[in-house]
Amino acid sequence: MTQSRRPSTQDGAGDRAVDQRSDERADAARNRAKILAAAEEMVAARGVEALAMADVAAAAGVGVGTLYRRFGDRAGLAHALIDRREREFQAAYLNGPPPLGPGAPAAERIRAFLHALAGRTVDQLDLLLVAETAGPFARFGGAYHAYHRHLAILVAEARPGRDASYLADALLAPLAANLLAYRIGGEQELTLDAIRAGLDDLLTGATGPGGRLADGER
């Protein structure tokens, strides 16, 4: 005859530990949401220059130590603010409708991707400038790696036999946040239309004559 197992005091302790961990995760999620909301409000009101860790912590009602543990530093906080827009962009070029998403010829997808990335970069230029200049190789993180891989695949399809990895880097180079900030804010006052037109010209070398649309189609 099988005896039923009676709950022990250890079982109750385990349940309490699970509940405690759940509460801790919920608290952490609430703190993250409060921090990001405070940081977004600060950037919207006073610009990215106002994104000081101590000020954000005070506005969010959390300790400065909590902020540093969760985001590391100011650049990490900037990356977190960028993250939502980045997720939307990646979903669009990986699974969205063509020509940005699958279903269009490779050259058309490259052009759509670079045009979309140019707009996305200009829209969050101040935040990207903070995130990409935190260290010598800060630009070449997860998002850049994903962009590079995506472009290299498309370039290899459009121009078999060419160095797709190098050409992917070459196409992404003009969209570095520090270069765009310098050109947009300098004497040249570069516009988004001019950036996209220049990218179209670069595509001639990367994807061949068929990858460049006529001037009237830009």
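Residues numbered from 1 in each chain as written. Predicted model: local features only at pLDDT ≥ 70, side-chain atom pairs only at ≥ 80, totals over all residues. Heavy atoms only, no water.

1. Some words on the packing of aromatic side chains
Logical step 1: Within the structure shown, the criterion is met by seven aromatic pairs.
Logical step 2: Arranged with centres 5.7 Å apart and planes meeting at 70 degrees, the rings of F113 and Y147 form a pair that is edge-to-face. Separated by 34 residues along the polypeptide, F113 in helix α5 (residues 106–123) and Y147 in helix α7 (residues 142–158) bring together distant segments of the chain.
Logical step 3: The buried category is assigned to Y147, whose relative accessible area is 8%. (Phe/Tyr/Trp six-rings, centres within 6.5 Å; stacked < 30°, edge-to-face > 60°. Helix = DSSP H or I, 4+ residues; strand = E, 2+ residues; numbered from the N terminus. Buried < 20%, exposed > 50% of the residue type's maximum accessible area, 1.4 Å probe, protein only.)

2. Quick notes on the side chain of R109
Logical step 1: With respect to the element layout, R109 can be found in helix α5.
Logical step 2: Buried and without a salt bridge, R109 has E157 as its closest oppositely charged side chain, separated by 6.4 Å.
Logical step 3: A distance of 3.2 Å separates the side chain of R109 from the backbone oxygen of L100, its partner in a polar contact.
Logical step 4: A polar contact of 3.0 Å, which involves the side chain of R109, links it to the backbone oxygen of G101.
Logical step 5: Excluding residues that lie within four positions of it along the chain, R109 makes contacts with Y93, P99, L100, G101, P102, A104, H150 and L154. (Lys, Arg positive; Asp, Glu negative; His and termini not counted. Salt bridge = Lys/Arg side-chain N within 4 Å of Asp/Glu carboxyl O. Polar contact = N/O pair within 3.5 Å; in protein donor to acceptor, adjacent residues only side chain to side chain. Contact = heavy atoms within 4.5 Å.)

3. Quick notes on the nonpolar core
Logical step 1: Ranked by internal contacts, the top residues of the largest apolar core, which has 53 residues, are L77, F113 and L114.
Logical step 2: In contact with L77, other than residues within four places in its own chain, are I35, L36, A39, L51, M53, V56 and F71. (Core = buried A, V, L, I, M, F, W, Y, C linked by side-chain atoms within 4.5 Å.)

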